[in-house]
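Per-entry structural report
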Amino acid sequence: MPLAEPSPALSISYTRRSLKRAERAFRCSPFRLDLLADMRSQSISIRQVCGPAGVKSRYSRRPMAELKAENEMMWLIAVGLLRREVDGQGLTDSFRLTPMGRQVFEHLSPLNSTQYRPTLGDHLYNAWCRWMRSPSWWQG
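None of the values given here were measured: they were computed from a predicted structure. Numbering of residues starts from 1 in each chain and follows the order in which that chain's sequence is written. pLDDT decides what is reported in this predicted model: residues at 70 or higher carry local features, side-chain atom pairs at 80 or more are listed and counted, and totals for whole chains, interfaces and linings draw on all residues regardless. For side-chain calculations, the full set of non-hydrogen atoms in the structure is used, while hydrogens and water are omitted.

Points about the pattern of salt bridges
Think of a salt bridge as a Lys or Arg side-chain nitrogen and an Asp or Glu carboxyl oxygen that are within 4 Å of each other. Tallied over the full model, the rule gives 11 salt bridges. Note that D122 and R27 form a salt bridge whose closest N and O atoms lie 3.1 Å from each other. Here D122 is found in helix 7 (residues 120-132), whereas its partner R27 is found in helix 1 (residues 16-28), with 95 residues between them in sequence. A 1.4 Å probe rolled over the protein chains alone gives each residue an accessible area, and that area as a share of the maximum for its type sets the label: buried under 20%, exposed over 50%, partly exposed in between. Under the relative-accessibility criterion, D122 is labelled buried at 14%. Taking the relative accessible area as the measure of exposure, R27 reaches 12% and is therefore buried. The salt bridge partner of D34 is R58, with a shortest N-O separation of 2.9 Å. Helix numbering and strand numbering both begin at the N terminus, where a helix is a DSSP run of H or I of at least 4 residues and a strand a DSSP run of E of at least 2.

Concerning the confidence of the model for the protein
Where the model shows low pLDDT, its predicted coordinates should not be examined in detail. Considering every residue of the protein, the mean pLDDT works out to 86; 88% of them sit at 70 or more. As a per-residue measure, pLDDT tells how confident the predictor is, with possible values from 0 to 100. Model confidence for the protein, summarised as mean pLDDT per element, is weakest for strand 3 (residues 90-97) at 86 and strongest for helix 2 (residues 33-39) at 95. Contacts were defined at the residue level, with two residues in contact if any of their heavy atoms lie within 4.5 Å. Low pLDDT (under 50) marks residues 1-8, which in the prediction has zero contacts with non-local residues, meaning those over four places away or in another chain.

Quick word on the environment of E106
Among the secondary structure elements, E106 is positioned in helix 6 (residues 99-108). Look at E106 and you get partly exposed, because its relative accessible area is 46%. Each C-alpha atom of the pair E106 and A37 lies 9.3 Å from the other, and the pair is 69 residues apart in sequence.

Describing the nonpolar core
Among soluble globular proteins, nonpolar side chains are generally buried collectively. With 29 residues, the main nonpolar core has V49, M73 and L82 as its most contacted residues. Broken down by secondary-structure element, the contributors of at least two residues to this core are helix 1, helix 2, helix 3 (46-49), helix 5 (66-78), strand 3 and helix 6. Filtering out sequence-adjacent residues up to four positions away, V49 remains in contact with F31, L35, I44, G54, Y59, S60, M64, A69 and M73. What is meant by a nonpolar core is a set of buried Ala, Val, Leu, Ile, Met, Phe, Trp, Tyr and Cys residues, joined one to another through side-chain atoms within 4.5 Å.

Some thoughts on unusual backbone geometry
The backbone phi angle of R58 is positive, close to 65°, even though this residue is not glycine. Following the sequence through the fold, R58 ends up in the loop between helix 4 (51-56) and helix 5. Residue classification places R58 among the partly exposed positions, given a relative accessible area of 42%.

Remarks on the environment of F95
With respect to the helices and strands, the residue F95 is situated in strand 3. The exposure class assigned to F95 is buried, which follows from its relative accessible area of 0%. Distance in space between the C-alpha atoms of F95 and E85 is 5.2 Å, their sequence separation being 10 residues. Ignoring sequence-local partners within four residues, the contact set of F95 consists of M39, Q42, S43, I44, I46, E70, M73, I77, L82, R83, R84 and E85.

Details of the pairing of strand 3
In this analysis, strands are considered paired if DSSP registers two or more bridges between them. Here two bridges tie strand 1 (residues 44-45) to strand 3, and the two strands are oriented antiparallel to one another. Within strand 3, the residue paired with S45 across the bridge is S94. When strand 2 (residues 82-87) meets strand 3, the two strands line up antiparallel, connected through five bridges. The partner of D87 across the bridge, within strand 3, is G90. Linking two consecutive strands that pair antiparallel, namely strand 2 and strand 3, is a turn of two residues.

Put into structure tokens, the structure is as follows:
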């Protein structure tokens, strides 16, 4: 039986609103674009992002406690940028980009850091979205 030809990569279409929310969430996060760049090809452990290691690897702007880094990563999961890495025994402490995360990275990567710096309005809107988010246990 002949091997099947590989199909061309499918491009997932996201709403403009979803992409803007995900991009805003990343821009307002304490993380740098180098994190997304490396997540395109490998999973990144939370230990690589927090503390002085995160600053040294240019993943974060300032040293963060593990809990703070985890909370920020969970918000980026909630908006669709990241996903948790899974191994044979379940979830790990590592993260990867989603297809949406790849699209956001491609949009932000040509910009310099001052061009994608968030405004006060971005920070306020992002904080409001995080605060208004329904808890996972609520089925409202």
